[in-house]
There are 10 protein chains.
Amino acid sequence: MSTSVSTLDKSLVHRLPAQSPTLFDAKAKKNLSFEKIAQELGRNEVAVAAIFYGQARASPEDVQKLASVLDIQQSLLEEQLQGFPDRGRTMDMPPKEPLIYRLYEIVQNYGYAYKAVLNEKFGDGIMSAISFSTKVEKETDKDGNNWAVITLRGKWLPYSRF
Amino acid sequence: MSTSVSTLDKSLVHRLPAQSPTLFDAKAKKNLSFEKIAQELGRNEVAVAAIFYGQARASPEDVQKLASVLDIQQSLLEEQLQGFPDRGRTMDMPPKEPLIYRLYEIVQNYGYAYKAVLNEKFGDGIMSAISFSTKVEKETDKDGNNWAVITLRGKWLPYSRF
Amino acid sequence: MSTSVSTLDKSLVHRLPAQSPTLFDAKAKKNLSFEKIAQELGRNEVAVAAIFYGQARASPEDVQKLASVLDIQQSLLEEQLQGFPDRGRTMDMPPKEPLIYRLYEIVQNYGYAYKAVLNEKFGDGIMSAISFSTKVEKETDKDGNNWAVITLRGKWLPYSRF
Amino acid sequence: MSTSVSTLDKSLVHRLPAQSPTLFDAKAKKNLSFEKIAQELGRNEVAVAAIFYGQARASPEDVQKLASVLDIQQSLLEEQLQGFPDRGRTMDMPPKEPLIYRLYEIVQNYGYAYKAVLNEKFGDGIMSAISFSTKVEKETDKDGNNWAVITLRGKWLPYSRF
Amino acid sequence: MSTSVSTLDKSLVHRLPAQSPTLFDAKAKKNLSFEKIAQELGRNEVAVAAIFYGQARASPEDVQKLASVLDIQQSLLEEQLQGFPDRGRTMDMPPKEPLIYRLYEIVQNYGYAYKAVLNEKFGDGIMSAISFSTKVEKETDKDGNNWAVITLRGKWLPYSRF
Amino acid sequence: MSTSVSTLDKSLVHRLPAQSPTLFDAKAKKNLSFEKIAQELGRNEVAVAAIFYGQARASPEDVQKLASVLDIQQSLLEEQLQGFPDRGRTMDMPPKEPLIYRLYEIVQNYGYAYKAVLNEKFGDGIMSAISFSTKVEKETDKDGNNWAVITLRGKWLPYSRF
Amino acid sequence: MSTSVSTLDKSLVHRLPAQSPTLFDAKAKKNLSFEKIAQELGRNEVAVAAIFYGQARASPEDVQKLASVLDIQQSLLEEQLQGFPDRGRTMDMPPKEPLIYRLYEIVQNYGYAYKAVLNEKFGDGIMSAISFSTKVEKETDKDGNNWAVITLRGKWLPYSRF
Amino acid sequence: MSTSVSTLDKSLVHRLPAQSPTLFDAKAKKNLSFEKIAQELGRNEVAVAAIFYGQARASPEDVQKLASVLDIQQSLLEEQLQGFPDRGRTMDMPPKEPLIYRLYEIVQNYGYAYKAVLNEKFGDGIMSAISFSTKVEKETDKDGNNWAVITLRGKWLPYSRF
Amino acid sequence: MSTSVSTLDKSLVHRLPAQSPTLFDAKAKKNLSFEKIAQELGRNEVAVAAIFYGQARASPEDVQKLASVLDIQQSLLEEQLQGFPDRGRTMDMPPKEPLIYRLYEIVQNYGYAYKAVLNEKFGDGIMSAISFSTKVEKETDKDGNNWAVITLRGKWLPYSRF
Amino acid sequence: MSTSVSTLDKSLVHRLPAQSPTLFDAKAKKNLSFEKIAQELGRNEVAVAAIFYGQARASPEDVQKLASVLDIQQSLLEEQLQGFPDRGRTMDMPPKEPLIYRLYEIVQNYGYAYKAVLNEKFGDGIMSAISFSTKVEKETDKDGNNWAVITLRGKWLPYSRF
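Residues numbered from 1 in each chain as written. Chains lettered and ligands numbered in written order. Predicted model: local features only at pLDDT ≥ 70, side-chain atom pairs only at ≥ 80, totals over all residues. Heavy atoms only, no water.

Student: Give me the lowdown on the overall build of chain A, citing residues and values where you can.
Tutor: For chain A, the count of helices and strands is 6 helices and 2 strands. Ordered by position from the N terminus, the helices and strands of chain A form the series α-α-α-α-α-α-β-β. Along the three orthogonal principal directions, the C-alpha set of chain A runs to about 50 × 50 × 30 Å. When contacts within chain A are restricted to residue pairs at least 6 apart in sequence, those whose partners lie at least 24 apart make up 54%. A total accessible area of about 5500 Å² is found for chain A, and carbon and sulfur atoms account for 44% of it. (Helix = DSSP H or I, 4+ residues; strand = E, 2+ residues; numbered from the N terminus. Contact = heavy atoms within 4.5 Å. Areas by Shrake-Rupley, 256 points an atom, 1.4 Å probe, with all protein chains shown as cover.)

Pasting the structure below:
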């Protein structure tokens with residue numbers, strides 16, 4: 001029994017594009033982590049997981065490598081991944097999943113604090129969620145506690161004057 | 001006219017605790033940024049903004065310093081800040097403010113990707129939003145573009161087996 | 001500055017009955033914990049806090065003792081506490097407060113598991129939330145970690161056959 | 001006709017992971033209670049029911065024992081239980097089921113009272129729903145009335161200062 | 001301290017018409033039950049309570065008698081009660097009040113059963129909630145248990161054929 | 001063409017347990033009213049309709065009689081009816097069906113009036129929807145108008161003092 | 001290609017009763033308008049369309065005529081149309097369809113104006129939506145503009161005094 | 001006591017523009033029906049009620065006449081009525097008021113039937129709610145029953161081809 | 001692998017009419033852009049995409065050309081496209097897709113500003129969304145940045161006076 | 001009576017920042033259109049209306065000119081306009097105002113069509129609502145009909161690859 005790779009809950013399939021079960025099934029069969037697959041693609045593991053959930057686009061090279069590392073017929077993957085992602089429908093908000101809810105709660109609690117600080121640092125505008133990258137890191141402190149560190153990095157977009 | 005410090009929208013006051021207008025009014029009058037105030041308190045500026053919005057607790061020393069740096073009567077601040085924060089009611093979700101919405105959108109789009117990656121790295125559990133700290137940084141790339149970097153750091157909590 | 005007693009967030013007052021600010025203000029002034037007040041009344045501290053939030057009824061004896069221990073004019077308290085509680089409107093659901101949300105999440109995640117186990121133990125029915133009592137306890141384990149223990153005890157009500 | 005074991009409502013299957021009908025069908029066929037199965041696994045019956053509903057993780061040993069006690073092919077169960085639970089989607093909130101609604105109502109009515117008492121006992125923080133265990137007990141009073149007792153025990157997490 | 005008459009929660013006043021606080025204040029001062037007032041008016045006590053909450057209309061004779069039995073200036077009451085009731089806004093649905101929720105739950109659980117039985121008894125149509133009366137009765141069984149009996153009686157309206 | 005028995009709308013099947021289409025199909029084929037079936041079972045017709053919609057539990061004797069009167073294979077019915085009802089999910093609230101909406105409207109309009117009167121008659125508590133029975137009756141007045149009379153009878157549960 | 005008869009959007013079928021696709025498919029095949037079918041049945045075309053959508057009841061004679069004019073096997077139609085309509089579930093509100101939204105908007109904008117005028121004309125009561133008929137007419141003004149005229153005619157129901 | 005003119009529920013004032021209480025108070029004082037006022041203005045009574053609720057615009061001549069017939073200072077009314085109506089916010093949907101709900105229910109039940117019939121009569125388009133008028137009439141049948149007749153008349157707008 | 005044409009996310013199919021998968025599959029197979037297809041039909045590419053999503057009507061000539069350019073059997077397309085569009089159900093609001101959300105956000109942020117300016121320019125009325133056309137253009141500025149320009153053009157409809 | 005300038009509905013004031021009534025009152029008193037004020041500021045009239053509603057930022061020069069053209073004390077305006085806009089809270093969605101709803105409906109109906117066309121023209125990304133400008137124009141066709149033309153121009157932001 002493989003204990004450590006993320007798989008796809010069957011009850012979620014109807015909310016996801018065609019490639020999601022294809023990719024997750026192959027990943028489960030080969031027992032590969034997103035970290036491993038990401039190394040093959042030269043991309044961040046969060047971006048790769050986002051491709052699996054239909055939330056990010058795969059380039060033709062990504063598709064080729066995914067097909068190869070996951071032993072999927074390339075033409076099938078090309079067909080399933082050719083379109084532009086239709087993002088955001090994997091879940092209803094507020095998130096019910098406790099792990100994802102914690103991120104939502106951070107936005108709910110610190111949202112205005114972020115805005116106040118960002119406005120003072122950058123002026124009137126927003127941090128882009130499109131010109132944007134993110135990563136997840138693991139830290140272990142001297143007491144042996146693990147800490148998750150999520151970094152969000154987005155381009156600052158000032159409001160146009162018109 | 002001070003152009004660079006965040007102030008409090010009057011239409012938000014009824015959702016906030018008593019200290020919010022007290023603190024924001026004093027901050028506006030003294031034209032102080034959260035960065036400045038945070039330096040005085042030895043805390044992160046996001047945490048300080050969160051105190052202003054009633055989303056974080058001020059220690060007795062924080063109260064003393066806030067009263068001093070903002071020229072507020074200490075007894076008034078002590079009274080207004082003595083309770084335990086009643087968090088999360090500054091806004092309705094989904095956030096309507098574009099800056100805060102972008103953070104919400106990141107959770108909506110990448111939520112399952114974060115979960116998949118975190119589960120593989122840490123096992124079954126969550127990143128705490130309580131044993132948690134966050135910071136905001138500004139980067140400028142070689143083309144002169146500004147980038148906002150938000151870091152979320154939370155203790156990993158594995159689900160108890162029972 | 002009193003650091004340890006719960007107070008009332010002013011932005012909540014419009015959702016609460018007239019006695020709430022009366023009681024909380026007096027409690028803050030006298031710096032009394034719910035535990036202390038509960039000892040005076042011979043009731044559980046959760047029940048006393050529920051009276052403060054208008055979620056439980058005070059008996060005439062409770063009113064007398066509350067007036068006495070909190071130095072409130074008895075006739076005022078009698079008038080404010082004479083009616084039957086209009087329960088449930090202190091917050092919108094889902095709760096935004098992280099502490100209360102955790103309780104909500106327990107219901108959301110374990111709700112069906114509780115039902116399945118209770119049905120097997122008791123048959124077809126419900127655990128009453130009216131013929132009901134609850135308490136909060138604090139435990140400290142050998143590593144110095146604190147644990148909150150909440151006990152819910154309700155009469156089992158079988159569905160009537162008709 | 002077996003009268004006393006909980007089964008799975010077919011109209012709920014589409015909200016549940018693949019293992020749910022597998023496990024419930026086997027349980028119904030063998031007419032086993034959660035208490036019985038829990039004894040075999042050395043776990044609490046609520047935790048076992050939560051595994052059945054996809055709300056808790058089964059260890060490899062749990063899977064082995066479940067397969068054995070329920071006469072399910074182990075490889076099938078291993079495949080269906082290998083992933084990390086995608087929690088919280090068994091129902092929409094507010095719960096419509098009367099038994100589960102009563103728990104929700106307790107949170108709605110006593111939420112602020114719990115918070116006030118917990119803050120006074122522990123300071124600013126939350127009771128974890130992750131470092132958490134729960135149990136259900138049956139008491140019968142001298143008048144022959146049955147009482148359900150649900151215990152929630154969670155680690156206290158103080159808010160980090162940052 | 002009057003213990004047995006229903007009063008008006010102050011936090012509800014903004015949802016109610018002008019007569020509500022007038023009537024409830026006078027009722028509290030005179031410590032009168034709805035049953036008593038209903039006897040004076042020759043109406044059912046539920047109808048009288050509905051007048052107090054702005055959910056039913058008072059006839060000119062009702063107004064006269066209300067003014068008299070409650071010692072309210074008749075011209076004030078005439079002015080406040082002259083309009084047509086703007087019904088239904090006393091609460092948001094689902095009801096949060098446990099007593100009212102139970103009635104809502106009965107509709108939620110038995111709604112289709114009522115419809116199936118009514119259709120078979122009367123054909124295609126509805127039970128009017130306008131050509132309608134209702135009453136509340138108290139029964140005590142031989143074991144001393146109290147039972148509330150609510151009767152709903154509405155004209156059957158068949159769908160028009162057109 | 002049978003004109004007078006209630007049947008099951010096919011678009012509702014996915015919200016109902018497995019026994020619902022089994023029972024309704026057999027009822028339609030035999031053209032039996034709930035009144036008839038209820039007489040066979042010695043139960044109220046609303047309770048029987050509730051069993052059909054999965055909102056009430058059938059005893060082993062009920063199952064036997066249902067199988068017999070409806071010509072259904074007993075073992076099939078035993079299997080479909082063995083579990084504990086998962087109540088409340090037959091419809092979304094507010095009800096869209098006009099007949100059921102009228103009942104909902106009665107709760108919405110008269111909810112507080114019922115509470116005020118019940119509190120005065122019984123004290124602080126609720127009318128149980130579990131220790132509860134209900135019936136539907138038909139009355140015809142001297143002008144030939146039909147009236148539907150629904151009676152709700154629930155045990156009064158006083159709030160526990162703790 | 002038939003251009004002028006209304007057909008059934010396939011994505012709506014799961015919300016409709018069994019007769020809807022039967023009727024609409026036959027109507028499309030025979031290319032009949034609701035006006036035509038209504039003439040055959042001696043009913044209004046809106047009522048006929050409502051039968052197609054499961055929102056009105058067909059009498060045995062209607063069924064016979066529908067089977068004949070639409071070339072549907074009568075026994076099939078009898079079976080599909082024998083029950084009592086389960087109304088109101090064809091769409092979620094607010095309506096997303098622009099044509100239907102305009103009607104909703106009229107209620108939203110003029111609702112209180114209708115109430116004020118109706119109350120003055122009829123007293124305290126409602127216009128029935130059950131003892132009710134409606135029709136659609138087409139007018140063309142002298143400039144060649146078309147106007148749709150929808151008439152709603154409902155019995156006035158005064159509130160009962162009780 | 002005036003029994004027959006519609007007045008303004010005080011709890012609605014905060015949702016309405018400044019002219020609403022001005023106009024309704026004057027109307028109540030003069031005990032005028034909308035029908036009367038409409039005759040003075042040469043407009044339909046529904047339109048006049050809509051002006052009172054801020055849902056329709058008054059022309060300068062309307063303002064002059066309103067001031068005159070209602071004895072309001074013209075300059076005050078000019079100031080309060082000078083802007084463009086901000087429509088639609090008088091109530092939340094679904095309407096809770098039973099009279100208005102019936103209109104909403106008609107849209108909910110017959111919406112698709114209207115669309116199907118209108119499309120067949122007019123083609124692809126909508127009935128305008130802007131190039132629109134409406135009226136309310138009272139009919140009494142030979143049995144003495146009153147019927148309300150509401151007419152909606154809107155320009156047909158075909159979808160543009162582009 | 002075709003990289004540049006929009007395809008249809010399979011998880012959206014159940015919300016769309018029958019022609020949507022037919023048209024999108026043919027388009028993907030022939031690798032045609034909406035711009036190309038629009039040129040063939042002599043229509044705007046947004047209108048053509050709207051036909052694909054069931055949000056606009058195709059004329060008989062459009063159907064003929066679509067069948068020809070996409071190599072679809074004409075009779076199939078005629079059957080699937082013969083009805084009147086049932087618009088607006090492609091997504092739930094607020095839109096979760098980031099691209100579409102930005103348009104929604106523009107309405108949310110600038111809605112009142114548009115209204116204020118339009119009212120001043122045109123008087124009391126609306127811009128029609130039916131007598132309406134729209135187009136999308138691409139501009140590239142001197143720095144090589146791309147800009148999307150969306151034009152909305154609707155007939156001004158003044159409110160009727162009645 | 002000024003008939004042509006937009007004013008502020010008093011019932012909206014509590015959702016707006018402090019400057020909104022200041023600016024609108026002065027504008028009404030001076031009877032100035034947004035077009036006029038925009039000419040003074042050298043900005044687009046939609047942007048100016050957005051400043052009035054707190055949805056766009058005014059530069060120090062804008063503030064100076066606004067104070068001058070509207071005869072407002074400059075220091076007051078500086079204080080009210082110094083903060084960063086807290087956007088998006090002027091209304092609840094869906095918009096109830098018919099004019100604004102039409103814009104929302106365009107997004108609802110054409111959202112996916114815009115996305116499909118934009119993706120084909122620009123690739124995977126979004127049109128920015130921040131690096132964004134908009135304008136409103138009036139056209140009159142040869143038949144004397146008025147047309148409103150709204151142009152949305154936003155920078156294209158491609159998704160970052162990471």
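Student: Outline the interface of chain A and chain B, listing residues and values.
Tutor: Contacts between chain A and chain B engage 70 residues on the former and 70 residues on the latter. At the boundary of chain A with chain B, total buried surface from both sides reaches about 7300 Å², with 69% on carbon and sulfur atoms. At the boundary of chain A and chain B, one finds 8 salt bridges. Linking R153 of chain A and E139 of chain B is a salt bridge whose minimum nitrogen-to-oxygen distance equals 3.0 Å. The interface formed by chain A and chain B includes 24 residue pairs in polar contact (both at pLDDT 80 or more). (Buried area = accessible area lost by both parts, 1.4 Å probe. Salt bridge = Lys/Arg side-chain N within 4 Å of Asp/Glu carboxyl O. Polar contact = N/O pair within 3.5 Å; in protein donor to acceptor, adjacent residues only side chain to side chain.)

Student: Can you break down unusual backbone geometry residue by residue, with the values?
Tutor: The step from M93 of chain E to P94 of chain E runs through a cis peptide bond, and the omega angle for that step is -5°. Tracing the backbone through its elements, the reader meets P94 of chain E in the loop between helix 5 (74–81) and helix 6 (98–122). One non-glycine residue, D71 of chain C, lies in the positive phi region at around 55°. Considering the arrangement of structural elements, one finds D71 of chain C in the loop between helix 4 (60–70) and helix 5 (74–81). On the basis of relative accessibility, which here comes to 60%, the residue D71 of chain C falls in the exposed class. (Buried < 20%, exposed > 50% of the residue type's maximum accessible area, 1.4 Å probe, protein only.)

Student: Just give me the short version of helix 4 (residues 60–70) of chain E, but keep the residues and values in it.
Tutor: All names here are of chain E. Inspection of helix 4 places D62, V63, L66, A67, V69 and L70 among the buried residues, and these make up the whole buried set. Buried residues along helix 4 sit in contact with helix 1 (19–30), helix 2 (34–41), helix 3 (45–52) and helix 5. Two residues or fewer past helix 4, D71 is found with a positive phi of approximately 55°.

Student: Kindly report on the relation of the copies chain F and chain E, identifying the contributing residues and their values.
Tutor: Placing chain F over chain E gives an RMSD of 0.0 Å and needs a rotation angle of 180°, together with 0.0 Å of translation along the axis. A rotation of that kind, with that shift, is consistent with a two-fold axis. Of every C-alpha in chain F, the one belonging to T151 of chain F sits nearest the axis of rotation, 2.3 Å from it. Interface residue correspondence from chain F to chain E reaches 100%, placing this contact among same-surface, isologous pairings. (Least-squares fit on C-alpha atoms with pLDDT ≥ 70 in both.)

Without other data, these values stay purely geometric and don't point to any function.
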